[in-house]
Amino acid sequence: MALVEVSGGVDAPTTAVELFELITAHHTSSAIFVAAQLGVADHLAAGPRDATGLARETGTDAPSLRRLLRLLVSSGVLAEPEAGVFALTELGQLLRTDHEDSMNAVALMMANPRHQQRWGQLGDVVRTGRSAVEEEHLDDPFKQLPPHIVKLVGQVMTFFVSHSAESVAKSYDFSRFGTLVEVGGGEGIMLSTILAEYPRLRGVLFDTPYMAHRAKRRIAGEPVADRCEVVGGDFFQSVPGGGDAYLLNNVIHDWDDRRGVEILSNVHAAMRPGGKLLIVETLYPDRFDDSLASKIAARSDVNMMVNMAARERGADDFEQLVDKAGFTLDRVLRIRPAWSGIRSSSIVEATHR
């Protein structure tokens, strides 16, 4: 065995090393994407495995896979309990597709080459103030997504709403309402959770016909099914009437102000005076620091800018937006989604006037 000598002195990472880690962070995200694509975490679910066996099962080159896995060890996603043998860490467990808190779909969407290609245009967006979405004249970017990306988007949305729904249900008092309409409600996870918490409440789920079909199938097996109506349509055209309150969860941040006001104006047209509008979104801070809440807001905001020509918003932004649609802002309630463990989201409450 070759002799490795260590020189004197104590290791003391420099500021340059800290910046180097930030500069090369995309190396880690690319490695996580490939690991998710290969199903590495699923193969390691039963316990530590050697790289040769993993390579055989994943159809990869063993020496190259070993190098990839060691990058993930250096990032804390995997561990190497003995040379050439790899195991999941607590972080790595979240890449398993069967984990209740699986972030496999998040990795596949956020770190895939198509997504990184968009981020590669960030300099152009900052210089011109226009994203590729605007340059390509995509008024509705969702309609241009290939089917496999649409599926991933749905899985990612399911992850985030699953880990926010309980916080919303317990942080806000829905007992004063008779009927709650969720606009853009996806498969109905948020609405089902709220209805379960408030047994006298009735719900209407509204989304595209495709999502409404999926929601009907999912909600049919829920105890709240007899209190939940599912309707398909286009919120740029109209939304169902009859609700005492209307909830939009992570909908408005997908659109610029013009389109956001269009959606909210249609909600306003469906409501009675005095009805409540509830918008659940990441809250853009007034001032930024290096806290996790700032990081989540800033990254999401720039991601919206690059990929959707849209934005995250602060309290003043929401006040102006809802005012243009005919609402008066009541308050902004900070909440703590389970996935982040910090007050990174908010419920914006406004009244129909």
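Note that the coordinates shown come from a computational prediction; the quantities given were computed from them, not determined experimentally.

Scoring rules and cut-offs
Residues numbered from 1 in each chain as written. Predicted model: local features only at pLDDT ≥ 70, side-chain atom pairs only at ≥ 80, totals over all residues. Heavy atoms only, no water. UniProt positions renumbered as here; feature names shortened; annotations may be inferred. Helix = DSSP H or I, 4+ residues; strand = E, 2+ residues; numbered from the N terminus. Core = buried A, V, L, I, M, F, W, Y, C linked by side-chain atoms within 4.5 Å. Buried < 20%, exposed > 50% of the residue type's maximum accessible area, 1.4 Å probe, protein only. Domains from an automatic or database assignment. Contact = heavy atoms within 4.5 Å. Pairing = 2+ DSSP bridges. Patch = residues over 30% accessible without salt bridge, like charges linked within 9 Å, V, L, I, M, F, W, Y side chains within 5 Å. Areas by Shrake-Rupley, 256 points an atom, 1.4 Å probe, with all protein chains shown as cover. Salt bridge = Lys/Arg side-chain N within 4 Å of Asp/Glu carboxyl O. Phe/Tyr/Trp six-rings, centres within 6.5 Å; stacked < 30°, edge-to-face > 60°.

Student: Describe the UniProt feature "domain: O-methyltransferase dimerisation" (unreviewed entry) in the chain, and please don't skip the residues or the numbers.
Tutor: Residues given the UniProt feature "domain: O-methyltransferase dimerisation" (unreviewed entry) here are residues 21–96. For residues 21–96, helix accounts for 61% and strand for 14%, while the C-alpha atoms at its two ends are 26 Å apart.

Student: Requested: an account of the nonpolar core, with residues and values cited.
Tutor: The tendency in soluble globular proteins is for nonpolar side chains to be buried side by side. In this structure, L44, L65, L69, L72, L78 and L152 are the most contacted members of the largest nonpolar core, which totals 31 residues. Secondary-structure elements contributing two or more residues to this core are α2 (25–38), α3 (40–43), α4 (51–58), α5 (62–74), β3 (85–88), α7 (104–110) and α11 (147–162). Counting the residues that make up this core, at least three belong to each of domain 1 (25–96) and domain 2 (113–352). In this structure, L44 is in contact with R49, L54, L78, F86, A87 and L88, ignoring residues within four places of it in sequence.

Student: If you had to explain the pairing of β3 to someone new, which residues and values would you point to?
Tutor: Residues V85 and A87 of β3 are buried on one face, and the alternating residues F86 and L88, pointing to the opposite face, are buried as well. Here two bridges tie strand β1 (residues 49–50) to β3, and the two strands are oriented antiparallel to one another. Paired with D50 across the strands is V85, a residue of β3. Direction of pairing for strand β2 (residues 78–82) relative to β3: antiparallel, over a ladder of three bridges. Across the sheet, the residue bridging to A79 is A87, located in β3.

Student: How would you summarise a nonpolar patch on the surface if you had to cite specific residues and measurements?
Tutor: Together, L19, L22 and I23 make up a nonpolar patch on the protein surface, roughly 330 Å² of accessible area in all. Here L22 lies in helix α1 (residues 15–23). Overall, L22 belongs to the exposed group, its relative accessible area being 63%.

Student: How would you explain the environment of F160 if you had to name every residue and give the values?
Tutor: Within the element layout of this structure, F160 appears in helix α11. Separated by 106 residues in the primary sequence, F160 and L54 place their C-alpha atoms 30 Å from one another. Aside from chain neighbours lying at most four places away, what touches F160 is V106 and W339.

Student: Can you break down the packing of aromatic side chains residue by residue, with the values?
Tutor: Overall, the coordinates contain nine aromatic pairs when judged by the stated rule. With 5.1 Å between their ring centres and 80° between their planes, F159 and F160 make a pair best called edge-to-face. F159 gets classed as buried once you look at its relative accessible area, which sits at 8%. Each ring, one from Y172 and one from F177, has its centre 6.4 Å from the other, and the planes form 15°; the classification is stacked. The class of Y172 is buried, set by a relative accessible area of 2%. The rings of Y172, F174, F177 and Y198 are connected pair by pair, giving a single aromatic cluster.

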